[in-house]
Amino acid sequence: MYPNPNELTIAQASDRLECGEFSSTDLTRSCLDRIAATDSTLQAFVTVLEDEAMEQAKLADARFTKGQRLGTLDGIPLAIKDVILIANTRATGSSKILSNYTSAYDATVITKLRAAGAVFLGKTNLDEFAMGASTENSAFQVTKNPWDITRVPGGSSGGSAVAVAADQCIAALGSDTGGSVRQPASLTGIVGLKPTYGRVSRYGLMPMAASHNIIGSMAKTVEDASILFQAIAGKDAKDSVTVDREPITYNLEPRTLNGVRIGVPKEYFIDGMDKEVEQSVRAGIQTLKDLGAEIKEISLPHTKYALGVYYILVPSEVSADVARYDGIRYGYSVETDPEYLKDHKSLTLFDVYQDSRARGFGSEVRRRIMIGTYALSAGYYDAYYAKAQKVRTLIRQDFMHAFNDVDCIATPTSPLPAFKIGEKADDPLTMYLADVFTVSLNVAGVPGMSIPCGFTKNNLPIGLQLIGNYFDEARLFQVGGAFEQATQWHLKKPNL
Amino acid sequence: MLTTEEVKKIASLARLNLTEGEIEIYRGQLSSILDYVGQLKEVNTDGVEPTRQVSGLQNVTREDEVIPSSVDEHERIINQFPQKQDGLLKVRAVFE
């Protein structure tokens, strides 16, 4: 059966645009129609840019007519996580404190995608300022998992994940500070790439723990994840941690994995993990072996401390990142809130700070600000922050040692499939454990990718996480691409 | 377990005006998070250098030059100020 245009991948849609089978206007319209038909249920989008998207699509079509197609992404409709700025467009971070904020400029990734001709369909929902693992912490709405709308899509890039999984877009951008691209990709059955730290510019990304975070692709196939990655990667003077490195090529030729050494760390198969997840991931590793890879059991001995390191360092960085939301410069301010001013006649500067922040931030953001403030405060710095940075060195060394013996590491992405909405909402620590297999990559800075590797009996997707050495995304595309060619999991679609 | 006074101190340092009820909720939650991350104490880090940058970069610098923004961009930024006067950000007196 011929699929609707919105169901296609970047590569498929691009071929059809190229040969004139449909226009970018048709393609964009089909995504917008899909959003209109499904988003009142799924709530993936915070802002839909219908007019702007149709305008961009028309410009793409005008280029095609003149034979001036810019490349693979020209005319392709994408969804953008609402922590990434698009000039003159509302940008909320799913926070009340930015609910009326309009960005003045484009993020570097947006500048690059614009130059490649991409169409921006809208901004997707997330856990407030990307803090969370379920997309329940949004100030606006709870995004639903299209495989079971009583369940979360994971987070924090849950809106982008759902937009891809439900064919509301062709592909999307997310951001990943501790698993925020990979974990929702796993829970919604799509591909999610967290590039190496420093591969992609964060200029115009709302800051969230700057020594951990990165922008990544969320896509229907490994090939698409690679196409998007190549479009956004590269050095940028506006983000000083970006590096100048050769672009990665993705080769579509069918291949084997002969000679590829894949490590399976015993610390990632723990008591309490879901049995169906373990079975699917083990079966996926067997598939890699059948494709010719050499499977080796390895050890990453400091794995169990990664979450502890993460929940000291990230809140510490967050407490500084969100200091900019002060009720003075931009965003929500009690000074312009008529409700507040009715009961507060005389205001001090301190009141403006502490009341704007208390009213503007949701509970998880406040929690992280306070943990960070505590960990960095006089008398506690050595016990928490300094100690965590030392253990971080040990975690990085674990990966460096492992990559002396293997080319790639395979693990589960998430210990559990999608959980019920509300199930973990009252217990922050339980929610943090959802990222137990993903955070160590951000702590170390190495790249990782979640790919679909199976389904539970209840038809919930399961993800396999591939981990690469620093700057070796090409290996993830090679191994993930071979796996995808040998399996059908990525082709399954939710019934909506 | 953190004391109520400690949580109030943290909230004040972080410029968050919390109600008594919120202070109590956060007291429990922050204490259990701090207990959890306290497990790092058991790791021997004698002689281990703290991480300062993960991908090997050092001292990235650039010229400190002013790059003018467009009139549109300028206007969009000013439009975001909660309080403004004559195109400038209006703030409360710091010393009162």
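The following paragraphs examine the structure supplied in this document.

## Overview of the overall build of chain B
- Secondary structure assignment for chain B yields 3 helices and 2 strands.
- Moving toward the C terminus, one meets the helices and strands of chain B in the order α-α-α-β-β.
- Computed over C-alpha atoms, the radius of gyration of chain B comes to 23 Å, more than 25% over the 12 Å expected from 2.2 N^0.38 for 96 residues, which places it beyond the range of a compact globule.
- Structurally, chain B occupies a C-alpha span of about 55 × 45 × 25 Å along its principal axes.
- Here chain B, with 96 residues, has 16% of them falling under the buried criterion.

## What to know about the interface of chain B and chain A
- At the interface, 40 residues of chain B touch 57 residues of chain A.
- Elements with a contribution of two residues or more to the side of chain B that touches chain A: α1 (4-13), α2 (20-37) and α3 (71-79) of chain B.
- It is α2 of chain B that provides the largest number of residues to the side of chain B that touches chain A, a total of 7 residues.
- For the side of chain B that touches chain A, the per-class residue count stands at 24 nonpolar, 9 polar and 7 charged.

## As for the sheet that holds strand β5 (residues 191-194) of chain A
Residues and elements named next belong to chain A.
- Taken in spatial order, the 11 strands line up as β1-β3-β2-β4-β6-β5-β10-β11-β9-β7-β8 in an open sheet, and their pairing is mixed. Here the strands that pair on one side only, and so sit at the sheet edges, are β1 (45-48) and β8 (294-298). Pairs of neighbouring strands in the sheet enclose a mean axial angle of 30 degrees, with direction left out of account.
- Across the sheet, helix α3 (residues 50-65) touches β1, β2 (77-81) and β3 (119-124), and the angle it forms with β3 is around 160 degrees.
- Contacts from helix α7 (residues 222-232) reach β4 (171-176), β5, β6 (214-219) and β10 (448-455), with the element oriented near 145 degrees to β6.

## Focus: helix α2 (residues 24-42) of chain A
Residue and element names in this part refer to chain A.
- Ala36 marks the point of greatest bend in α2, at about 40 degrees.
- Taken as a whole, α2 has its buried residues at Ser24, Leu27, Thr28, Ser30, Cys31, Leu32, Arg34, Ile35, Asp39 and Leu42.
- Those residues of α2 that are buried are in contact with α1 (10-18), β1, α3, β2, β3 and α5 (158-165).
- Positive phi appears at Gln43, one or two residues downstream of α2, with a value of about 55 degrees.

## A look at the environment of Pro447 of chain A
- Locating Pro447 of chain A in the fold gives a position in the loop between α15 (439-444) and β10.
- When near neighbours in sequence (up to four residues on either side) are disregarded, Pro447 of chain A contacts Lys194, Pro195, Thr196, Gly468, Asp472, Glu473 and Leu476 of chain A.

## Some points on unusual backbone geometry
- In this chain, Gly155 of chain A is followed by Ser156 of chain A through a cis amide linkage whose omega measures 15 degrees.
- Of note, Thr135 of chain A is a non-glycine position whose phi angle comes to about 65 degrees, a positive value.
- The phi dihedral of Asn59 of chain B falls on the positive side, at around 40 degrees, and the residue is not glycine.

## Examining the packing of α1 of chain B against α2 of chain B
All names here are of chain B.
- Put simply, α1 and α2 touch, their axes get as near as 9 Å, and they point 100 degrees apart. Judged by the angle between their axes, α1 and α2 are roughly perpendicular. Contacts between α1 and α2 pair Thr4, Val7, Lys8 and Ala11 from the former with Ile23, Tyr26, Arg27 and Leu30 from the latter.
- A breakdown of the residues in the contact of α1 with α2 according to their chemical character gives 5 nonpolar, 1 polar and 2 charged.

Thresholds, definitions, all that
Residues numbered from 1 in each chain as written. Chains lettered and ligands numbered in written order. Predicted model: local features only at pLDDT ≥ 70, side-chain atom pairs only at ≥ 80, totals over all residues. Helix = DSSP H or I, 4+ residues; strand = E, 2+ residues; numbered from the N terminus. Rg over C-alpha atoms; globule rule 2.2 N^0.38 Å. Buried ≥ 20, exposed ≤ 12 C-beta atoms within 10 Å, placed from the backbone. Contact = placed C-beta atoms within 7 Å. Nonpolar A, V, L, I, M, F, W, Y, C, P; charged D, E, K, R; others polar. Pairing = 2+ DSSP bridges. Axes fitted to C-alpha atoms, helices over the stretch in contact; angles between N-to-C directions. Bend = angle between axes of the 7 residues up to and from the residue. Parallel < 35°, antiparallel > 145°, perpendicular 65-115°, else oblique.

Function cannot be inferred from these measures alone, as they are strictly geometric.
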